[in-house]
Amino acid sequence: MRRTNKELLVKGIKSFGYTVLAMFMGPFLIYEAFKNEGHPFYWPVLIVGIICAILAIYLGFRSVKIVMDAVFGEKPKN
């Protein structure tokens with residue numbers, strides 16, 4: 001009988017926390033950039049917002065993989 005790897009599960013939950021942070025920061029920064037198109041920091045804020053949005057997608061998939069590995073175990077090696 002397999003047991004849940006608690007250390008890996010905690011790592012996955014922490015990763016979900018960072019995912020949620022990036023999920024809110026990305027759209028917020030993109031919105032703020034488009035709201036202030038005449039500002040000198042328009043491009044840097046827009047680029048950081050897009051990077052946060054891409055990071056949120058990556059972290060989401062990574063977090064799910066970590067939690068799945070913690071609950072179901074890693075694939076057996078042949």
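Since the structure is predicted, the reported quantities are computational estimates derived from the model, not experimental observations.

J.: I'd like a description of a nonpolar patch on the surface, backed by residues and values.
T.: On the surface, Phe16, Val64, Met68, Val71 and Phe72 cluster together into a nonpolar patch covering about 430 Å² of accessible area. Here the element with the most residues in the nonpolar patch is helix α2 (residues 42-72); it accounts for 4 residues. As for its placement among the helices and strands, methionine 68 is situated in helix α2.

J.: If you had to explain the packing of aromatic side chains to someone new, which residues and values would you point to?
T.: Taken as a whole, this structure holds 2 aromatic pairs when the rule is applied. For the pair tyrosine 42 and tryptophan 43, a centre-to-centre distance of 5.0 Å together with 70 degrees between the ring planes defines the contact as edge-to-face. By relative accessible area, which is 56% here, tryptophan 43 ends up exposed. Of the aromatic side chains, those joined through ring pairs into one cluster are Phe34, Tyr42 and Trp43.

J.: Describe in detail the side chain of serine 63, supporting the description with residues and values.
T.: Following the sequence through the fold, serine 63 ends up in helix α2. With residues up to four places along the chain from it excluded, the contact list for serine 63 reads Gly12, Ser15, Phe16 and Thr19.

J.: Explain the pattern of salt bridges residue by residue, including any values.
T.: Scanning all chains against the criterion turns up 2 salt bridges. Between aspartate 69 and lysine 65 there is a salt bridge whose closest N-O contact spans 2.8 Å. Of this pair, aspartate 69 and lysine 65 are both found in helix α2, 4 residues apart, which corresponds to roughly one turn of the helix. Looking at lysine 65, the relative accessible area reads 52%, which means it is exposed.

J.: Please give an account of helix α1 (residues 6-35) that cites residues and values.
T.: The first and last C-alpha atoms of α1 sit 44 Å apart over 30 residues, in line with the 44 Å expected at 1.5 Å per residue. Inspection of α1 places Gly12, Ser15, Thr19, Ala22, Gly26, Leu29 and Ala33 among the buried residues, and these make up the whole buried set. Against α2 lie the buried residues of α1.

J.: Before we move on, could you go through the side chain of threonine 19 and cite the residues and values that matter?
T.: Along the chain, threonine 19 falls in helix α1. Of the residues examined, threonine 19 reaches a relative accessible area of 4% and is grouped as buried. A polar side-chain atom of threonine 19 sits 3.2 Å from a polar atom in the side chain of serine 63. With residues up to four places along the chain from it excluded, the contact list for threonine 19 reads Ala56, Leu59, Gly60 and Ser63.

What counts as what
- Residues numbered from 1 in each chain as written.
- Predicted model: local features only at pLDDT ≥ 70, side-chain atom pairs only at ≥ 80, totals over all residues.
- Heavy atoms only, no water.
- Patch = residues over 30% accessible without salt bridge, like charges linked within 9 Å, V, L, I, M, F, W, Y side chains within 5 Å.
- Areas by Shrake-Rupley, 256 points an atom, 1.4 Å probe, with all protein chains shown as cover.
- Salt bridge = Lys/Arg side-chain N within 4 Å of Asp/Glu carboxyl O.
- Helix = DSSP H or I, 4+ residues; strand = E, 2+ residues; numbered from the N terminus.
- Phe/Tyr/Trp six-rings, centres within 6.5 Å; stacked < 30°, edge-to-face > 60°.
- Buried < 20%, exposed > 50% of the residue type's maximum accessible area, 1.4 Å probe, protein only.
- Contact = heavy atoms within 4.5 Å.
- Expected span 1.5 Å × (residues − 1).
- Polar contact = N/O pair within 3.5 Å; in protein donor to acceptor, adjacent residues only side chain to side chain.

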